[in-house]
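Understanding the architecture of this molecule
Here are the chains, one letter per residue:
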Amino acid sequence: MPYGLPYGFFYCADNAGFLFINAFFSGMLLGNELEPGVNTMTVQDHPHDLVRPTTFIEDMKGLLGDSPDIVYRSARLGGIDSWFIYVEGLADPRPLLEAIHYDPILAEGCILDAEGVYARLKQPTLTSGYLSEGQELRQIVHLLLSGFTIIFIEGLNRTLCIETGDLNKRSVQEPTSEAVVRGPREGFTESLSDNLALVRRRIKNPSLRIDAFTLGTATRTDTAIMYLEDKVDHEVLAELRRRLQKMKLEKVLESNYIEEMIQDHQYSPFPTVCNSERPDTIAANLLEGRIAIFVDGTPFVLIVPALFMQFFQSAEDYNQRGDFGSLVRLLRYFCFAISLLTPSFYIAITTFHQEMIPANLLMSLIGQREGVPFPAFVEALVMEVTFEILREAGIRLPKSIGQSVSIVGTIVIGQAAVEAGFVSAAMVIVVALTAIANFALPAFNMAISIRLLRFGMMAIAATFGLYGMIIALIMLALHLCQLESLGVPYMTSLAPFRLRFQKDTLVRLTQPMVKRLQQKGGGEQ
């Protein structure tokens, strides 16, 4: 099936049924680790991989060190010495301890053997989260550092691991990088379980699948891939799993660590993996047959396979009328051309092709450049670099003053540069128009790619003029046509061009038009 963006978004506000998704996901981690390696080399090198009843506490302290945030709390349950181990700040064992305190058998001095205490603790009335039995040290350490409370009973060669996560996390807020005028205001957070639930709310489909993994030999980062079993391309899914299995990373701190490892073309300036922090966008892509990659600790979710046209489409296209969404989308393509070609086109015509400029405009440009000591290429290069510096400075400055400083700095520096004769007024207009057009693109990673290519196009225009620009554009088109995203051609539906797949590429057809076309074509999309 083609990988165009969807014709509509499905939104639902009911979150019932997902209160225990965190515990469910933690349980999935136990049997789906991509890397057989464990948390640290210390655990791997430990001579005993299984629980030793006589020296378990010493083994744990030896593995984890004398860290003040790891709590070892002793208790006597049913006449048997027991230990509660948890990481302060990651786990909150108070509900569990209160349940044990009020248990009439464990707390009132009844004498039990170790197996009796263990069986009593496993009863559902004493646990409020996911419960697992741990016998391997590496498994126990991983669960401990994931927010579980470990219960060790003297004399047993296994432990109880109970999910008691209490990680402080950011609440669901409106995404800042993908703001819309009309549409849902929810954005992903840094919590993996919350992110999975946000998508589950929108797709109540039994064919929705979640595969959980652990990536990074040092960080042990929880990761999940989500897809619809009846819509996904299973060859693409198998290829993604193969690439994830080949990853040998020490740390996975953000989704970009995975993106760089699974992309097809490492040195291409164009992104071949899409990302989003909007649940409705992820849900729509899943319904299109794509795969979403969630990484714990980041609100940005990866989408594969990604196509070139996908980076010019926004969630708001489907929340507005079809004609308005199509107009805005065409405007983005026009902004793409402006952002990529305007500085180089100005350099080419002012340096080599002055005959293409109308006489009145040419005389005005000559008058402006009369006192400028630099050629057009150096002039454009200085202005572009200066604007990039102002852009980065505006991002790093505090929010309270960042916007005002960047705006004032741009106006003051531009005006002063023109008055001092360093640059012409026309060049300031060209650079400003280029920057504004670049901001109109909805995908930040595609905007960065255009910023990189712009400098190359400027150098080619300064050397070979419009002929060099035409050759560069042809080479750029050939490069785009040979790109792939997980084996799927990057320019799908455009190269080769297929008319029946154009319902959501250059323009977005309205829902009634799409329905009529589907009925005429026998439901083919």
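All values derive from a computational prediction rather than experimental measurement. (Residues numbered from 1 in each chain as written. Predicted model: local features only at pLDDT ≥ 70, side-chain atom pairs only at ≥ 80, totals over all residues. Heavy atoms only, no water.)

1. Some details on helix α10 (residues 255-262)
- Of all the positions in α10, only Ser255, Ile258, Glu259 and Ile262 are classed as buried. Along α10, the residues classed as buried sweep out an arc of 105° about the axis, all on the same side.
- Turning to α10, the residues buried within the fold contact β6 (208-215), β7 (221-228), α9 (234-246), β9 (291-295) and β10 (301-304).
- N-capping of α10 is provided by Glu254, with a side-chain oxygen placed 2.7 Å from the backbone N of Asn256. (Buried < 20%, exposed > 50% of the residue type's maximum accessible area, 1.4 Å probe, protein only. Helix = DSSP H or I, 4+ residues; strand = E, 2+ residues; numbered from the N terminus. Arc of directions from axis to C-beta. Contact = heavy atoms within 4.5 Å. Polar contact = N/O pair within 3.5 Å; in protein donor to acceptor, adjacent residues only side chain to side chain.)

2. What to know about the sheet that holds β10
- With respect to topology, five strands assemble into an open sheet ordered β6-β7-β9-β10-β8, the strand pairing being antiparallel. Because the sheet does not close on itself, it has two edges, and the strands there are β6 and β8 (274-276). Direction aside, the axes of adjacent strands within the sheet are offset by 25° on average.
- Here β8 runs beside β10; their pairing, made up of three bridges, is antiparallel. Considered in β10, the bridge of Ser276 is made with Val301. (Pairing = 2+ DSSP bridges. Axes fitted to C-alpha atoms, helices over the stretch in contact; angles between N-to-C directions.)

3. Structural notes on the pattern of salt bridges
- Applying the stated criterion to the full structure yields 22 salt bridges.
- Between Arg170 and Glu190 there is a salt bridge whose closest N-O contact spans 3.0 Å. Here Glu190 lies in the loop between β5 (159-163) and α8 (192-200) and Arg170 lies in the loop between β5 and α8, a separation of 20 residues in the sequence.
- For Arg170, a relative accessible area of 30% gives the class partly exposed.
- Using a relative accessible area of 30% as the deciding quantity, one classes Glu190 as partly exposed.
- A network of salt bridges, in which partner residues are shared, links Glu239, Arg242, Arg243 and Asp264. (Salt bridge = Lys/Arg side-chain N within 4 Å of Asp/Glu carboxyl O.)

4. A word on unusual backbone geometry
- Val304 connects to Pro305 through a cis peptide bond whose omega is -10°.
- Of note in the backbone geometry, Arg220 takes a positive phi value of approximately 50° without being a glycine.
- Mapped onto the elements, Arg220 comes out in the loop between β6 and β7.
- Phi angles above zero are rare outside glycine, and Leu486 is one such case at about 55°.
- Note on placement: Leu486 falls in the loop between β11 (484-485) and β12 (488-489).

5. Section: the pairing of strand β4 (residues 148-153)
- In terms of burial, β4 is largely enclosed, as six of its six residues are buried.
- Of the pairings in the sheet, the one linking β4 to β5 comprises five bridges and is antiparallel in character. Each bridged residue has a counterpart across the sheet, and for Phe148 the counterpart in β5 is Glu163.
- Between β4 and β5, which pair antiparallel one after the other, the connecting turn spans five residues, and Gly155 there sits at a positive phi close to 100°.

6. Observations regarding the confidence of the model for the protein
- On average, residues of the protein score 81 in pLDDT, and 84% of them are at 70 or above.
- Note that pLDDT drops below 50 for residues 1-45; the model gives that stretch 127 contacts with residues more than four away or on any other chain. (pLDDT = per-residue confidence, 0-100.)

7. Observations regarding the side chain of Thr350
- For Thr350, the position within the fold is in helix α12 (residues 322-351).
- On the accessibility criterion, Thr350 (18% relative accessible area) is buried.
- In this structure the side chain of Thr350 is engaged in a polar contact, spanning 2.6 Å, whose partner is the backbone oxygen of Tyr346.
- Look past the residues within four positions of Thr350 in its chain and what remains in contact with it is Ile357, Leu365 and Ala376.

8. Side note on the sheet that holds strand β3 (residues 131-134)
- Pairing is antiparallel in the open sheet, where five strands are placed in the order β1-β2-β4-β5-β3. Each edge of the open sheet is held by one strand with a lone partner, namely β1 (70-77) and β3. If you compare each strand with its neighbour and ignore which way they point, the axes differ by 25° on average.
- Sheet topology places strand β2 (residues 80-87) next to β4; four bridges connect them, and they run antiparallel. Counterpart to Ser82 in the pairing with β4 is Ile153.
- The strands touched by helix α3 (residues 56-64) within the sheet are β1, β2, β4 and β5, with β1 carrying the most contacts at an inclination of about 170°.
- Set on the sheet, helix α6 (residues 114-121) makes contact with β1, β2, β3, β4 and β5; between it and β4 the angle comes to about 155°.

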